[in-house]
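Coordinate inspection notes
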Amino acid sequence: MQRRGRTRTPPQGGLVPLTAVTGALLAVLIGLVFLMLLWAIQDARGSLVTARGGRPALTQAMTVEKAVVDMEGGQLSYVITRQDEFLKPWRAGRAAFPVQAQRLVDMSPSPSQRQLARQIRQSGQSFIHDYSVPLVDAARRGDPAAVSSARTREGRQLVEALRGQLSDYLADERGVIDKQEHALEHRMDHLTFAASVGVAGAVLLIVGFGAYVTRVIVWPVRRMAVTATRLAAGDLSARVPPSGRREIGQLETAFNSMAASLEKSHRRLRLLYDAGTAVGTTLDVRRTADELVRVAVPRFADHVTVDLAAAVLTGGEPANDDGEGLRRVAIGGIRDESPLAPVGAPAAPGRAAPGTGAALHTDLRTAPAGWATDTRCVDRLLAYGMGSLITAPLSAQGVTMGVIAFWRTRDSPPFEKDDLSDAEELAAKTAAAIDNARRYTRERETALALQHSLLPHSLPARPAVDIAYRYLPTGTRAGVGGDWLDVIPLSGTRVALVVGDVVGHGIQASATMGRLRTAVRTLADVDLPPEELLTHLDDLVLHLDDGALEPAGEVGSTCLYAVYDPVSRHCSLASAGHPLPFVITPQGAVEKAPGQPGPPLGLGGLAFETTELDLAGGTTLALFSNGLVHSRNLDLSQGLDRLRRALATPGESLEATCDHVVAALRTGEPADDVTLLLARTRALPCDQVATWDVPSDPEHVARARTLTTRQLGAWQLDDLSFTTELVVSELVTNAIRYGGSPIQLRLIRDTTMLICEVSDGSSTAPHLRRARVFDEGGRGLLLVAQLTQRWGTRQTSAGKTIWCEQALPPAEPS
């Protein structure tokens, strides 16, 4: 029984606000990084445009300088050589300079540069108009002043001044461009650092958020997935370790609650399943109650008691349902000692009476009058620590048989309303099993009573054999079987030994067994040979259902019938599907009787064979049923070998041998009836038998009477002489008159009877009839029947034998 735990409440604040804030920060940071990058790009673009704007000015300045160089070189070459071809570059430079100088002014990026460009333009135009053109014109005219040193120095000074201005312009422009490029590089370094910091911050923020999400979401979800896999594999004790982090904590709590609910439902279903399979395995009322206790403790309750009406224990129905007369049949708990009444004691009086429905008492301290009326009992139970109680009646088929009480101590969670359904289900399953056991007990007792009434209550001593037997009815659900055994006295001190087994169990098998046993006794009175008796019995089994309103179903049986004659020490036996007996010689050797069993009874049309045995005095015949040598755990051949070994161990008596054999072969509750019959043969001494051949002549009747009287005198039975003479005279006369040769007279004296037998060669059996007044015959057999205790006739291989018995007079006390 699992203890209930407290559910942790997840902290306030969810993952949604945290995710939103983190996402906003990340967006702002990434936005700033992108703004910085855009600003850097725009600034670089401006610097690049500025730099690009200064580059054309430098090129244009160099173009202007080239025009000045062309003019200077052309005029100087012409002045020196006076060749017109040198005027071409001069004219080209003179024409290009104004245009290029003006373009330089226009392309200058700054006012200072434009001012310097204007000065270059003015200086150049001044050089052209004030020096270069007059110099060329003078040289053309041949003026010697054109080549004078003074004129040359003046021109050089003007050109150097102009070149100086161009050099200053180029130097200033290159300085501006270099400054802008250095500034751009510096700004790009700062922007790169800032962008790197921003990107690194964004990456760190992303990594941190990813780690947080992994630790707070991914790992718990993975743990829940692992737990779900364990749950799916059947490990219902698996739980997710609670992290207590916002929605994930709530999800873990819900997941664990679901797993706990699933485990509780599984425990409940497992409890009910185990109750369905473990309660009612045996059709015994007390063991069924004990099985419930073992199932319910400690999984459902700390202590369980089962009280039943006394009538239920014997298979009857309780006379009332008011709770009176209940007896405790089972008790169990987590501790051996408890204040509850022990097994066998009357149920404690109180409110927990059957028939009132299941009742729940959550706290026994609040309302003790609601569950008990004995104040001392209440005090003991409360002092022991009993905390809650559920009582449920045991009812089946509208019959209330008792009550179950489920107890929990204060160390365990108290019973709840949900536990009522479990208690009612356990009670219902137990009630059905107990009702089945009760009905089985009643049916078994009925079948046993019927079988015991049909079986011999005791086997009287016979002069031919010493008898010992055992009959053990099966204890399985199938019920009592149809095994039987019998010892039937026959004429001439012979005895018939019978063992049989009817197919099936229960009352029907017992009734069939009784009919077959009666039939065997009836056929044995006719004194039929074993094979003929089994043939008649087989025909009877075939017609058992004839005329029945409802057929009893397929009827089959096995039977072994053996006849032993102590005079001749001859035994003849026949089997109808039954195992042949073992023969134990006086020296202790155990042998199986020769021959093969015939077909079982109920097949019809098949012949049975007789096995003839000559037995020495003191030989033991062991007749048994299949239940002794065959079961689910014991093969037939193995069982026969074990029986042979058990019979080879001699006992002090036949009774001791029976006990030893049953103990050796019975390893548990027998699955079928166990039948064992031991018969130790005796040989009738020769001085107790007298035999004479009688010729088929009426004159020899008197001689037969004389021989009889003389033998009775030798046996000191003179008191029986008159009656025996008359009986012998009638029987011998009938044999001579109506029978045929050979005729034989035999007298047998055993311990209690004097037997007279007359045999002849005719197979015609005589009939007892009442003679009329004027009839000359017909009174002989009637006279024999009146003078003797029993008489009869039996067929032999040579004809027939008519016999009669007289009781010996009581021996005088010495």
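Residues numbered from 1 in each chain as written. Predicted model: local features only at pLDDT ≥ 70, side-chain atom pairs only at ≥ 80, totals over all residues. Heavy atoms only, no water.

With respect to the overall build of the protein chain
- Within the protein chain, the secondary structure is distributed over 17 helices and 20 strands.
- Among the 814 residues that make up the protein chain, the fraction classed as buried is 43%.
- Sequence separation of at least 24 residues holds for 69% of the intrachain contacts in the protein chain that already meet a minimum separation of 6.
- Approximately 41200 Å² of the protein chain is accessible, and the part contributed by carbon and sulfur atoms is 55%. (Helix = DSSP H or I, 4+ residues; strand = E, 2+ residues; numbered from the N terminus. Buried < 20%, exposed > 50% of the residue type's maximum accessible area, 1.4 Å probe, protein only. Contact = heavy atoms within 4.5 Å. Areas by Shrake-Rupley, 256 points an atom, 1.4 Å probe, with all protein chains shown as cover.)

Digging into the packing of helix H15 (residues 701-714) against helix H16 (residues 721-738)
- Running from N to C, H15 and H16 point in directions that differ by 145°, and their axes come no closer than 9 Å. Helix-helix and strand crossings are classified by hand; for H15 and H16 the assignment is right-handed. On H16, the residues touching Val-701, Ala-704, Arg-705, Thr-708, Thr-709 and Leu-712 of H15 are Ser-721, Thr-724, Glu-725, Val-728, Ser-729, Val-732, Thr-733 and Ile-736.
- Residue composition of the contact of H15 with H16, by class: six nonpolar, six polar and two charged. (Axes fitted to C-alpha atoms, helices over the stretch in contact; angles between N-to-C directions. Left-handed = near helix turned anticlockwise from the far one by under 90°. Nonpolar A, V, L, I, M, F, W, Y, C, P; charged D, E, K, R; others polar.)

A closer look at the sheet that holds strand S5 (residues 399-409)
- Taken in spatial order, the five strands of this open sheet run S2-S1-S5-S4-S3, and their pairing is antiparallel. In this open sheet, the two strands that pair with only one neighbour each are strand S2 (326-333) and strand S3 (359-361). If you compare each strand with its neighbour and ignore which way they point, the axes differ by 15° on average.
- Sitting on the sheet, helix H6 (residues 285-296) touches strand S1 (303-309), S2 and S5, and the angle it makes with S2 is about 35°.
- Helix-sheet contacts for helix H8 (residues 375-384) involve S1, strand S4 (386-396) and S5, and the interaxial angle to S4 is about 120°. (Pairing = 2+ DSSP bridges.)

With respect to unusual backbone geometry
- Note the cis peptide between Val-297 and Pro-298, where omega equals 0°.
- Relative to the assigned elements, Pro-298 resides in the loop between H6 and S1.
- Omega for the peptide link from Ser-741 to Pro-742 comes to -5°, which places this bond in the cis form.
- Mapped onto the elements, Pro-742 comes out in the loop between H16 and strand S17 (743-749).
- Non-glycine residue Thr-493 carries a positive phi angle of around 60°.
- Along the polypeptide, Thr-493 turns up in the loop between strand S7 (481-489) and strand S8 (495-505).
- Even without a glycine there, the phi angle at Gln-716 is positive, about 60°.
- Take Gln-716: it is sitting in the loop between H15 and H16.
- Overall, Gln-716 belongs to the exposed group, its relative accessible area being 70%.

A few points about the packing of aromatic side chains
- Summed over the entire model, instances satisfying the criterion amount to three aromatic pairs.
- Between the aromatic rings of Phe-582 and Phe-624, the centroid separation amounts to 5.9 Å while the plane-to-plane angle is 25°, which identifies the pairing as stacked. Residue Phe-582 is found in strand S11 (residues 582-584), and its partner Phe-624 is found in strand S14 (residues 620-624); the two are separated by 42 residues along the sequence. Take Phe-582 and Phe-624: they sit in the same class, and that class is buried.
- Chaining the aromatic ring pairs together yields one cluster made of Phe-300, Phe-406 and Phe-415.
- Above the ring of Phe-300, the side-chain terminus of Arg-408 is found at 5.7 Å from the ring centroid. (Phe/Tyr/Trp six-rings, centres within 6.5 Å; stacked < 30°, edge-to-face > 60°. Lys NZ or Arg CZ within 6 Å of the ring centre and 35° of its normal.)

What about the nonpolar core?
- The biggest cluster of nonpolar side chains holds 40 residues, and the ones touching the most others in it are Phe-300, Val-306, Leu-308 and Phe-406.
- Among the secondary structure elements, those contributing two or more residues to this core are helix H5 (246-278), H6, S1, S2, S4, S5 and helix H9 (417-454).
- At eight residues, H9 tops the list of elements feeding residues into this core.
- In terms of nonpolar packing, the next biggest core, distinct from the first, is built from 31 residues, Ala-101, Val-133, Leu-135 and Tyr-169 among them. (Core = buried A, V, L, I, M, F, W, Y, C linked by side-chain atoms within 4.5 Å.)

A closer look at H8
- All of the buried residues in H8 are Cys-377, Val-378, Leu-381, Leu-382 and Tyr-384. Buried residues along H8 cover an arc of 160° about the axis, so they all sit on one side. Of the exposed residues in H8, those oriented more than 90 degrees away from the buried face are Thr-375, Arg-376 and Ala-383.
- Buried-residue contacts for H8 involve S1, S4 and S5.
- One or two residues past the end of H8 sits Gly-385, with phi positive at roughly 115°. (Arc of directions from axis to C-beta.)

Here we look at a nonpolar patch on the surface
- Side chains of Val-28, Ile-30, Leu-32, Phe-34, Leu-35, Leu-37, Leu-38, Ile-41 and Ile-206 sit close together on the surface and give an oily, nonpolar patch of about 830 Å² of accessible area.
- Examining the composition of the nonpolar patch, we find that eight residues originate from one element, helix H1 (residues 15-81), more than from any other.
- As for its position among the elements, Val-28 is in helix H1.
- For Val-28, a relative accessible area of 51% corresponds to the exposed category. (Patch = residues over 30% accessible without salt bridge, like charges linked within 9 Å, V, L, I, M, F, W, Y side chains within 5 Å. Salt bridge = Lys/Arg side-chain N within 4 Å of Asp/Glu carboxyl O.)

Notes on the confidence of the model for the protein chain
- Here the protein chain averages 80 in pLDDT, and 85% of its residues register 70 or above.
- Confidence over residues 349-353 falls short of pLDDT 50; this stretch has 13 contacts with residues more than four positions distant or in other chains.
- Within the model, the stretch residues 549-553 combines pLDDT values under 50 with four contacts to residues more than four positions away or in other chains. (pLDDT = per-residue confidence, 0-100.)

Describing the environment of Val-784
- For Val-784, the location among the structural elements is in helix H17 (residues 780-787).
- Along the primary structure Val-784 and Thr-723 are separated by 61 residues, whereas in three dimensions their C-alpha atoms are 9.1 Å apart.

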